[in-house]
Every structure is written in structure tokens, then in C-alpha cells.
Amino acid sequence: MAVSFPAHTMTGVLLKFSQQEGSMRIVLEAEESFIQKMKVTASASNIKIDFPEPFHLTSPKDLPFELISADRSLVINLKEKADIKFFRLSSPSRLVLDIRKPDTQALDSQKKAIPPEKQALSPEKQPAPVLLKSFVIDAGHGGYDFGIAFGNVSEKDITLSLAKDLGALLVKKGRKVFLVRRVDQHITFADRISLVNQKNPDAFISLHFSVSRNFVVYAPKVEEQTSNETLDSYSVAVKQKKYVAKSKALSENIIKAIKEEFKEDVFHRDMPLPVLNSVGAPSVLIEFPSPQFVTYDQQMKTRIINVILNGIAAYGQ
Amino acid sequence: MNNKKTAGIILLVFLFLAGGAGGYLYFSKVLHRENSTAEGVGSTSKSEDLFSLRMYYPVGTQLQIEERKLPRMIGQMPIAEATVEEYLKGPINSASSHIPKNSKLIGLYKGIDKIVYVNLSDEFRRNFQGDVFAEFLLLKGLYESLISNVEDIQDVKILIEGKEVETLGGHLYLLYPLKDLVSYEYQ
């Protein structure tokens, strides 16, 4: 008996390329669902794009970079190191890769200003000194609560990894650090709040994901006069009253640091969130861009940690 | 004689069959007319006896209002149930909403404190995928939908599988009635 199988059609991907002085743009056009499911991993000199299914690539000849195409992936090897940013757009649906040469002139002039013994480390690795002494870092979600998940990346894992890395860096600087969770476990609001109030840190930082491509920073919002007995009885909006101004300053400094590093808009909201309003410490909740839009490789994590370090350093001064 | 007898029998049989057929045609017409009249009455009452629900759905970073027409109901609790059920179906005009999939209303009752207790299935908590603001809008949308459609209620409290849970998505309290939480004015 003859059995017919449907022919497997490959999705077409059209590569476009443009170049200007010091920067170039690579655009991949395909069906919207295909674009949305692409996973991009970028390092300093190459970009790997994983596709959800086999694809057919159409591209111009004589490109100033190397293309290595496999069944479900495409690797773009650049000739030299570059700053790489990517984003997805619609109408037509496309993935845009902006590749810019590092600003060598600015780097040189900065190097001249830095004493030779410190030139080994870039300014990014030399944030302002952190004057605060103790921190509680809260990796959002955990255990059965995955938070936002995209593919095999989940909020609970990335926030834990960031919290551990940030904590390790602060410990290296001789600061006291308490992590709300060290492993993949569920912790209630009550326990998170209790730990912060027990440790009485100089800053409390809660790490989460946003559903958008933007950073969102939350500061506590406390009503001047709360007449709400229910909320008062559970200590929401009570402990934070003394620290609101400091929390605001902490969040503003972190926002400034994010803007400086990522050159993107940062949303800022004051909201009476349980983990912010119930703690007796300067507190901030940071949401990082969704993994749908950003690849959380080591480079991205390092940038995020540096941003937080810069923010708390500026706040401490 | 035999021929006459046979003709008589045939005539009788013919008359009997003709009578039967006539009767069938007559009654089937009458019944059809009655049925179509009854259907007509039904459809008229259906089209006339509708009422509107004003729904507030979380879409993007705001609440989107949609009107829903439903057959008229007697009593406020059936209206409250219909409101929650419509809410869980999600908006018609937008595909991007953070209403958790496959969530079901298990039950709903009003306390003497005029708080409506909405008992939802675990999917409402388990299938929620969103950030702080998405969680806030999800709860605010449900609260606004109930308050604007149901008379004489003061607050809304959510239970999951009949129990109080601390949080829906790990950002906001679900232990308390929603009014104070959702009264926050956002920009």
C-alpha cells in the first residue's frame, strides 16, 4: 500500500545587508512566527541564529562577513570584534542585527586618562566604588513558580544566576550579601520580607523579568496616610515609610546606569508591591527585558550586573 | 357478482387510503405552522431579551473595554458568574492578553460583607505568564468588570481551588480583597 507523506517545505529567509561608516545592518526577513521563534546568541565577533525548523536562505554575494548555514542554524562570523544589538520588527516581519565597531577613539582617550597600572581593566570593569556595606538580593520566583518562560529559558533560573553573580562580585568587594534563595525553591513573600527585615541591609534588590523588550524599575509607593486596616495589619506600606526617599534615589540611580549602558528607554513605576513596601530598607525591583527579545548569555548577564553595580555605587555616593 | 364484490373492496381500500393521506397532509401542515409560530416567538424573545456586560480586558499596558451581549438573567449572582466567565474567555478584539488559558470559574458567592468571592480553577494561577504590571492589570480588569456589572458589591476576593493563595504570579498579594490593590492609579 502506498503511503504519501506531505512534502516538507522549507521556510524562506531573505538576508539583506547595508553598511555605513563604522556600522552595518543585517536584516533577516521571514514569516512572523518564524522570526519570533528565532534564537539569537551573539558574542564579540560572531552571531548564531537558531531557527525553529529548516530554512532556505537567500542572500547577496560578496558580503563582508562569513555565513555558515546549517539545517536549522546560521552563523555569521564577523571579521573583527563589534558591538552587536538585535531586535525584531514587523511589517514585514524581520530580525535586525545592528553591528557597530567599538568606539576605539573614545576608548583610547579614556585609556590616556587612566593611569597605566589600571589600563588592563576597561572602565566597564571598573565601576565606581560601592560604599554600601550590606545587601539582600532577591531572585524572583523559584520552585514551581517559573515566572516568565520562553523556550527553555525561565525567569526563576536567570534571576537566580544573576543574583548569585551579583552577590559574588559584592562579596569580592568585601560587602555582606544575603541571597533570598540560593537554589531553585519556592519562597513565600512572607519569608522574603522576613529575611530582609531581619538582615536590615543598606539596599534590597529584587530581580525579575518584564514581558516587554524594556527594562522596568519599580520603587515602593507609600500613601502618606493609610486608613486601610487590612493592609496595615499585614505590615504592607508600613515598614517602608522611613525609606521611601532612599528607595526612590536607589531606583533613579539604577535607571540612570541602565540608560547609560543600554541606551534605551527604561520604564519607571512607583507601586505598592509586597516585597518593596513591607521591607525596612531602601528597596528596588528591577525587571529585565523578556528572554523573547534578549539572549541571556554571559555577556548580557555581565552587562546587567555592571549596570546594577554602577547604580548602587552612584546611590551610595 | 364476484366482479362487483372486488370492485367494492377496491373502492373501499381506495377511499381508506385517500382519507389517510388527506388526514396526514392536513395535520402535518397544522403542526408545521404551529412549530414555526413557536420558533418565531422564541427567536423574537431571544433577540429582544438581551443585556450588555461591560468588560475590562488587560491588553498590553492598559485595560480595554468591550461590550458583550448575553441573554437576560435574573439576580445579581448569575450576572457576576457570567461576567467572570466572559472575562476568562479573554478579549475578542485583541489576541495579546495575559488572561491565563483554560481558567475556569468553579464558584462564586457574596458574603454578608458585600465582598464577592470568586473561586477559580488552578489554571488561573498556574498558566499566568506575566510581569508585575501584567499581574496588576489582570486583577484590576476582573475587579473593574465585576464592579461595573454587578449591583451592590463592595469588593472582590479571589480564591484558587477554594483556597486563599498568597500570590497569583509572584508579584502581588492575592490574600486580600482586590479594591485597595487595584485602586493604584497607573500612568
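Residues numbered from 1 in each chain as written. Chains lettered and ligands numbered in written order. Predicted model: local features only at pLDDT ≥ 70, side-chain atom pairs only at ≥ 80, totals over all residues. Heavy atoms only, no water.

1. Considerations on the overall build of chain A
Scanning chain A for helices and strands turns up 8 helices and 17 strands. Looking at chain A residue by residue over its 317 residues, the buried ones come to 45%. Counting contacts in chain A only where the partners sit at least 6 residues apart, residues at least 24 apart contribute 70% of the total. Total accessible area on chain A stands at roughly 16500 Å², and carbon and sulfur atoms take up 50% of it. (Helix = DSSP H or I, 4+ residues; strand = E, 2+ residues; numbered from the N terminus. Buried < 20%, exposed > 50% of the residue type's maximum accessible area, 1.4 Å probe, protein only. Contact = heavy atoms within 4.5 Å. Areas by Shrake-Rupley, 256 points an atom, 1.4 Å probe, with all protein chains shown as cover.)

2. Some thoughts on the sheet that holds strand S17 (residues 283-288) of chain A
Read from one edge of the open sheet, 6 strands run S13-S10-S14-S17-S15-S16 (chain A), paired in mixed fashion. With partners counted over all chains shown, the strands left at the sheet margins are strand S13 (176-179) and strand S16 (266-271) of chain A, one partner each. In this sheet, adjacent strand axes meet at a mean angle of 20 degrees when their direction is disregarded. Across the sheet, helix H3 (residues 155-172) of chain A lies against strand S10 (134-139), S13, strand S14 (203-209) and S17 of chain A, angled at about 165 degrees from S10(A), the strand it touches most. Relative to the sheet, helix H4 (residues 132-149) of chain B contacts strand S15 (215-220), S16 and S17 of chain A, its axis offset from that of S16(A) by approximately 50 degrees. (Pairing = 2+ DSSP bridges. Axes fitted to C-alpha atoms, helices over the stretch in contact; angles between N-to-C directions.)

3. Regarding the packing of aromatic side chains
All names here are of chain A. Under the counting rule described, the total for this entry stands at 11 aromatic pairs over all chains. With centroids separated by 5.4 Å and ring planes inclined at 70 degrees, the aromatic side chains of Phe17 and Phe65 adopt a geometry described as edge-to-face. Residue Phe17 is found in strand S1 (residues 11-20), and its partner Phe65 is found in the loop between strand S5 (55-58) and strand S6 (66-69); the two are separated by 48 residues along the sequence. For Phe17, a relative accessible area of 25% puts it in the partly exposed group. Between Phe215 and Phe262, the ring centres sit 4.9 Å apart and the planes meet at 45 degrees, which makes this aromatic pair tilted. One end of the pair, Phe215, is in strand S15; the other, Phe262, is in helix H6 (residues 244-262), with 47 residues separating them in the sequence. Here Phe215 matches Phe262 in class, with each residue buried. Of the aromatic side chains, those joined through ring pairs into one cluster are Phe34, Phe51 and Phe55. (Phe/Tyr/Trp six-rings, centres within 6.5 Å; stacked < 30°, edge-to-face > 60°.)

4. What about the interface of chain A and chain B?
The interface of chain A with chain B comprises 30 residues on the first partner and 19 residues on the second. At the boundary of chain A with chain B, total buried surface from both sides reaches about 2000 Å², with 62% on carbon and sulfur atoms. Per-residue buried area on chain A facing chain B is highest for Phe189(A), Arg269(A) and Met271(A); these three make up 27% of the total on that side. At the level of secondary structure, the elements contributing two or more residues to the side of chain A that touches chain B comprise helix H4 (189-199), S14, helix H5 (229-233), S16 and S17 of chain A. Broken down by class, the residue content of the side of chain A that touches chain B amounts to 17 nonpolar, 7 polar and 6 charged. (Buried area = accessible area lost by both parts, 1.4 Å probe. Nonpolar A, V, L, I, M, F, W, Y, C, P; charged D, E, K, R; others polar.)

5. Overview of the packing of H6(A) against helix H8 (residues 298-316) of chain A
All names here are of chain A. Where H6 contacts H8, the axes come no closer than 8 Å and their chain directions differ by 135 degrees. Overall, the two elements H6 and H8 adopt an arrangement that is oblique. Crossing angle aside, the handedness with which H6 passes H8 is right-handed. Residue-level contacts link Lys246, Ala249, Leu250, Asn253, Ile254, Ala257, Ile258, Glu261 and Phe262 of H6 to Met300, Arg303, Ile304, Val307, Asn310, Gly311, Ile312, Ala314 and Tyr315 of H8. Per-class residue counts for the contact of H6 with H8 are 12 nonpolar, 3 polar and 3 charged. (Parallel < 35°, antiparallel > 145°, perpendicular 65-115°, else oblique. Left-handed = near helix turned anticlockwise from the far one by under 90°.)

6. Thoughts on the packing of H3(A) against H8(A)
All names here are of chain A. Running from amino to carboxyl end, H3 crosses H8 at an angle of 55 degrees, the nearest separation of the two axes being 10 Å. In terms of axis orientation, H3 runs oblique to H8. Our pair here, H3 against H8, has a crossing hand that is right-handed. On H8, the residues that touch Ile158, Ser161, Leu162, Asp165, Leu166, Leu169 and Leu170 of H3 are Gln298, Lys301, Ile304, Ile305, Ile308, Leu309 and Ile312. When the residues that make up the contact of H3 with H8 are grouped by side-chain class, the tally is 10 nonpolar, 2 polar and 2 charged.

7. Thoughts on the sheet that holds strand S8 (residues 83-89) of chain A
Whenever strands of a sheet pair, they do so through backbone hydrogen bonds, lying parallel or antiparallel. Residue and element names in this part refer to chain A. Pairing is mixed in the open sheet, where 5 strands are placed in the order S5-S1-S2-S9-S8. Pairing within the sheet leaves two strands with one partner each, and these edge strands are S5 and S8. In this sheet, adjacent strand axes meet at a mean angle of 20 degrees when their direction is disregarded. Pairing of S1 with S5, which is carried by 4 bridges, proceeds in the parallel orientation. Directly across from Val13, in S5, lies its bridge partner Leu57.

8. A look at the side chain of His141(A)
Assignment of secondary structure puts His141(A) in the loop between S10 and strand S11 (149-150). We classify His141(A) as buried; its relative accessible area is 2%. At 3.3 Å, the side chain of His141(A) and the side chain of His171(B) are in polar contact. Aside from chain neighbours lying at most four places away, what touches His141(A) is Phe146(A), Gly147(A), Glu155(A), Lys156(A), Arg181(A), Gln185(A), Arg192(A), His208(A), Gly169(B), Gly170(B) and His171(B). (Polar contact = N/O pair within 3.5 Å; in protein donor to acceptor, adjacent residues only side chain to side chain.)

9. Here we look at the pattern of salt bridges
Summed over the entire model, instances satisfying the criterion amount to 19 salt bridges over all chains. Of the charged contacts, one joins Asp98(A) and Arg25(A) as a salt bridge, the two residues approaching to 2.7 Å between their closest N and O atoms. With a gap of 73 residues between them, Asp98(A) in strand S9 (residues 94-100) and Arg25(A) in strand S2 (residues 23-29) connect regions that are remote in the sequence. In this structure, Asp122(B) engages Arg125(B) in a salt bridge whose closest nitrogen and oxygen atoms are separated by 3.1 Å. Its relative accessible area of 18% is what places Asp122(B) among the buried residues. Residue class for Arg125(B) comes out partly exposed when judged on its relative accessible area of 21%. (Salt bridge = Lys/Arg side-chain N within 4 Å of Asp/Glu carboxyl O.)

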